[in-house]
Amino acid sequence: MRVINNPPESMWPSLIQRPALDTASLDESVGKTLSRLKAFGDAALREFTLQFDQVKIDTIAVSENQINDAERQLPKELTHAIRLAAENITTFHQAKLIAGSRIEIMPGVSCWTRSVPIQRVGIYIPGGTAPLFSTVLMLGIPAALANCAEVILCTPPSLDGSVNPAILYAAQVCGIRSVFRIGGAQAIGAMAYGTESVPSVSKIFGPGNQYVTKAKQLVNQEGVAIDFPAGPSEVLIIADGQADPAFLAADMLSQAEHGIDSQVMLLTLNEEIVPLVQQEIDKQLENLPRKNIAAKALENGCIIYFSNSADAIRFSNAYAPEHLMLNTSDCDRLANEVVNAGSVFLGPYSPEAAGDYASGTNHTLPTGGFSRVYGGVSCASFMKEITFQELTREGLARIGPAVEIMAKAEQLQGHSNAISIRLSKNQ
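Throughout what follows, the structure given in this document is the object of discussion. Predicted model, so just to flag it, every value in this text is computed and none were measured.

What counts, and where the lines are drawn
- Residues numbered from 1 in each chain as written.
- Predicted model: local features only at pLDDT ≥ 70, side-chain atom pairs only at ≥ 80, totals over all residues.
- Heavy atoms only, no water.
- Helix = DSSP H or I, 4+ residues; strand = E, 2+ residues; numbered from the N terminus.
- Buried < 20%, exposed > 50% of the residue type's maximum accessible area, 1.4 Å probe, protein only.
- Contact = heavy atoms within 4.5 Å.
- Lys, Arg positive; Asp, Glu negative; His and termini not counted.
- Charge placed at Lys NZ, Arg CZ, Asp CG, Glu CD.
- Pairing = 2+ DSSP bridges.
- Axes fitted to C-alpha atoms, helices over the stretch in contact; angles between N-to-C directions.
- Salt bridge = Lys/Arg side-chain N within 4 Å of Asp/Glu carboxyl O.

**Some details on the overall build of the chain**
So, point 1. Across its full length, the chain carries 17 helices and 14 strands.
So, point 2. Residue burial in the chain is summarised as follows: out of 427 residues, 46% are buried.
So, point 3. Across the chain, the fraction of contacts at a sequence separation of at least 24, relative to all contacts at a separation of at least 6, is 76%.
So, point 4. Of the charged side chains in the chain, 32 are positive and 43 negative, and the gap between their average positions amounts to 10 Å.

Here's what the structure looks like:
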């Protein structure tokens, strides 16, 4: 990893810049996949599953019996862990559900909001090298709490055509009964357009590779909502001299093992800790089954020394990380200065791994600097807010003249007439 000492602010933009992908070829290849999906439905899904996953599938949907049988295939300790995580995630998200209240804006003018669930949503869960059953919980539980009428889950099949039992069990815990063994851009297309087997949805959630991300962006242009733009996962850590180098190394490696394109950055307020962290990384890396992936990711990371915490937190806010860890003796104070981050972890005993699985917060978070404008997935992500208003005649009489003046100023006489015709009528 690069080590940089007190970089001047003029250098920050280059340090903040994420690696750029050449997406021109993706536009063409993913566009062709989506077009074929739109034209040929299930037949295209079977074709692409054989082409990309090397699996021949006859039935696209996972049966009820297969979902119910998933628990039997898993170790008891794993099912108990999934249940614990589900309970904590439910507790956190349930607490955020607040009903809208009716407000009397002025006598005779009342307004209120009502949040209603998106009726049918789609969840994409990657398979590949690390089947993310935890993401089923992170997306399925808020969808259930939001009372979405139908939740569709798509995930790639294994070589034998089966779906990872942990994914199926997590789906069962969330109450998801519609599971389909399809992956990649074709799964996004199926949920966007609908096929003979897969219903179309109004909004698509979930992480994926560059093909999945590009497919989500393309269907979004056609009117299907998505959670937010997604890129490689990332962590930024701010640590002082009190931080344990072993903890810091472990947190950096836990992020790096996600994938070779994962982003890892350590901002240290103590120069002496740098070689200690590097030694711990080398030591712990040797014991990681995914050490080749983690080592490759670390090549793109860096350790930056800042002589004061003010510069460190300003740099962090400029970077806008997906995960921000504050492993400092004054983490509570620094937390108050955070304006851009997906999720923040305070103190030495709040590893990012806890949030990834079971602390209760959501791990589906904005990456690539999008935490400047997006928050993480919540129940609100699965709902839409409808506003209501009710005016009495007296209320309309109070605001009517102002509306008429404004409408005429915008040369919209019809708007003005909608007020005046009511007020001119006898009660």
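**Regarding the sheet that holds strand E9 (residues 234–239)**
So, point 1. Here six strands make up an open sheet; going across it, the order is E1-E11-E10-E9-E12-E13 and the pairing parallel. Pairing within the sheet leaves two strands with one partner each, and these edge strands are strand E1 (2–5) and strand E13 (343–346). In this sheet, neighbouring strand axes are inclined to one another by 15° on average, regardless of whether the strands run parallel or antiparallel.
So, point 2. Of the pairings in the sheet, the one linking E9 to strand E12 (residues 323–327) comprises five bridges and is parallel in character. What sits directly across from Ile-237, in E12, is Met-325.

**Some thoughts on the pattern of salt bridges**
If the charged atoms of two oppositely charged side chains come close together, the side chains can form a pair.
So, point 1. On inspection of all chains with the given rule, the structure shows 16 salt bridges.
So, point 2. A salt bridge links Glu-9 to Arg-314; the nearest nitrogen and oxygen atoms lie 3.1 Å apart. On the criterion of sequence distance, the pair formed by Glu-9 in the loop between E1 and helix H1 (12–16) and Arg-314 in helix H13 (residues 309–319) is long-range, its members being 305 residues apart.
So, point 3. For Glu-9, a relative accessible area of 47% puts it in the partly exposed group.

**Examining the side chain of Ser-343**
So, point 1. Tracing the backbone shows Ser-343 in strand E13.
So, point 2. Not counting residues up to four positions away in its chain, the partners in contact with Ser-343 are Glu-322, His-323, Leu-324, Thr-361 and Leu-365.

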